[in-house]
Amino acid sequence: MRRSQFDYHSYRGRKSASFWLKWIALVLAILVVLAVAFLLWGQKYISYTDDGLRVDLPFFQSEPKQPDVSDLDVIDQDPGSNSSDQGDTSQPQEQEPQEKTSANGVNVSLASILDGSAAQQVQQQGGDSVVVDMKNDQGQLGWKSQQSLASAVQSEAQDDQVNEKLKSWNEGDVYTVARMSCFRDEAIGGQMAYTLQTTSGYRWKDGDEMHWADPSNQQVQDYLIGLMTELAQMGFDEIVLDHCGYPTQADGLLSNIQYGDQSASQVMDDFLAKAAQALEPYGTTLSLAVSQEQVSGQDTSSGLTAQNINQYGQRIWIAGEEQAVLSTLTAAGIETPQQRLVLYVEQFGQDSTVSQALLS
């Protein structure tokens, strides 16, 4: 009878090998699972570079170093400096237009303004502004007016383009003053409906045999204010009113003048108030040509007083010695006289502290 003999060592060896194979398989399975999980979770940390695959795990990354302020270069720039000083020319800066001013006024003819030669005359005489007669004592106008009473001879305004030419001139750099003879007006004052009359009902004449328009006549006032408005619309920087009011003691015999119901000063207060209101929208300077006697109150016949001169005369044109005129203005209560005075002179004084205008 054959007897089967059990080989214990062989059996034990086979059993041990099977055990390790199972462990190896389990470990491999775990590694596969971990690998898949890592790929799913760690995709955002994997990058491909020229050197191959790169893995940047968050726990191996260091915080970026914050710059120390001591390491920074500080550029010291004046906050008021222009960007163009730093070489930036991409946006050119717009320059504010310079305001026109007047210190030394030169009398020129209307013809010289129309032909363009006035600027050279001003430069030759050392001035910076022009003074032009736009309404003279005869009542002649230097432009084409739309006013109903503008029937005066306009000998220098025959050019149909005169208004446009004056407007174009006034758009230039030269400060322009329009002189107007107000109530001394031969053309209007010579008409009985508008004339300043004597107590006997005749037309009054001054020492030069010139007629005057009646300052209290509302049509006359409206006419003059209409003329001022037209000058302002053409761009004149300043309008200086001469013979503004009733005749003065220097103009002739006053005892036979027929005044109206209102006082001369009240008539002028009303007229100047309307003139100032008419010019205000245009920014045109309203100025008064007066005498020292009118300012001081020694001659009150015109209706101009220190009070209405101070209130309405943005600039005050007077002839005389500079310090004496300034003293008169100050004593009369004229505010800021040195800034408002325009002194009539025969030639410009280099040491003058006020504006000047050459006597015509």
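Residues numbered from 1 in each chain as written. Predicted model: local features only at pLDDT ≥ 70, side-chain atom pairs only at ≥ 80, totals over all residues. Heavy atoms only, no water.

Draft legend 1. Geometry of the state of the cysteines. In the structure shown here, the tally under the stated rule is 0 disulfides. No disulfide involves C182; its sulfur sits 4.4 Å from the nearest other cysteine sulfur, which is in C244. (Disulfide = S-S within 2.5 Å.)

Draft legend 2. How the structure looks around helix α6 (residues 218-233). An ideal rise of 1.5 Å per residue puts 22 Å on 16 residues; α6 measures up with 22 Å between its terminal C-alpha atoms. Burial within α6 is extensive, with 12 of its 16 residues counted as buried. If you check which residues of α6 are buried, you get V220, Q221, Y223, L224, I225, G226, L227, M228, T229, E230, L231 and A232. Those residues of α6 that are buried are in contact with β4 (129-135), β5 (175-181), α5 (186-189), β6 (238-242), α7 (264-279) and β7 (285-289). (Helix = DSSP H or I, 4+ residues; strand = E, 2+ residues; numbered from the N terminus. Expected span 1.5 Å × (residues − 1). Buried < 20%, exposed > 50% of the residue type's maximum accessible area, 1.4 Å probe, protein only. Contact = heavy atoms within 4.5 Å.)

Draft legend 3. How the structure looks around the side chain of T176. Counting through the fold element by element, T176 comes out in strand β5. Within the structure, the side chain of T176 is placed 3.3 Å from the backbone oxygen of V174, a separation counted as a polar contact. With near-sequence residues (within four places) excluded, T176 lies in contact with V130, V132, W169, N170, F236, D237 and E238. (Polar contact = N/O pair within 3.5 Å; in protein donor to acceptor, adjacent residues only side chain to side chain.)

Draft legend 4. Spatial organisation of the environment of T336. Secondary-structure assignment places T336 in the loop between α10 (322-331) and α11 (337-340). Sequence separation between T336 and N310 is 26 residues, and the spatial gap between their C-alpha atoms is 9.6 Å.

Draft legend 5. Here's a closer look at the pattern of salt bridges. Under the definition given, this model contains 10 salt bridges. Taking the shortest distance from any N to any O, the salt bridge between K135 and D185 comes out at 2.7 Å. With K135 in strand β4 and D185 in the loop between β5 and α5, this residue pair connects regions lying 50 residues apart in the sequence. Side by side, K135 and D185 carry an identical accessibility label, which is buried. Where R184 meets D137, a salt bridge forms, and the shortest distance between an N and an O atom there is 3.0 Å. With R184 in the loop between β5 and α5 and D137 in the loop between β4 and α4 (162-170), this pair connects stretches of sequence that are 47 residues apart. Here R184 matches D137 in class, with each residue buried. Salt bridges here are not isolated pairs; linked through shared partners, they connect D133, D137, R179, R184, D206, D208 and D242. (Salt bridge = Lys/Arg side-chain N within 4 Å of Asp/Glu carboxyl O.)

Draft legend 6. Representation of the confidence of the model for the protein chain in the model. When pLDDT is averaged along the protein chain, the result is 83; 73% of the residues meet or exceed 70. Note on residues 1-6: pLDDT under 50 across the span, and 1 contact to partners over four residues away in sequence or across chains. Every residue in residues 62-90 is under pLDDT 50, and counting partners more than four places away or in other chains gives 5 contacts. (pLDDT = per-residue confidence, 0-100.)

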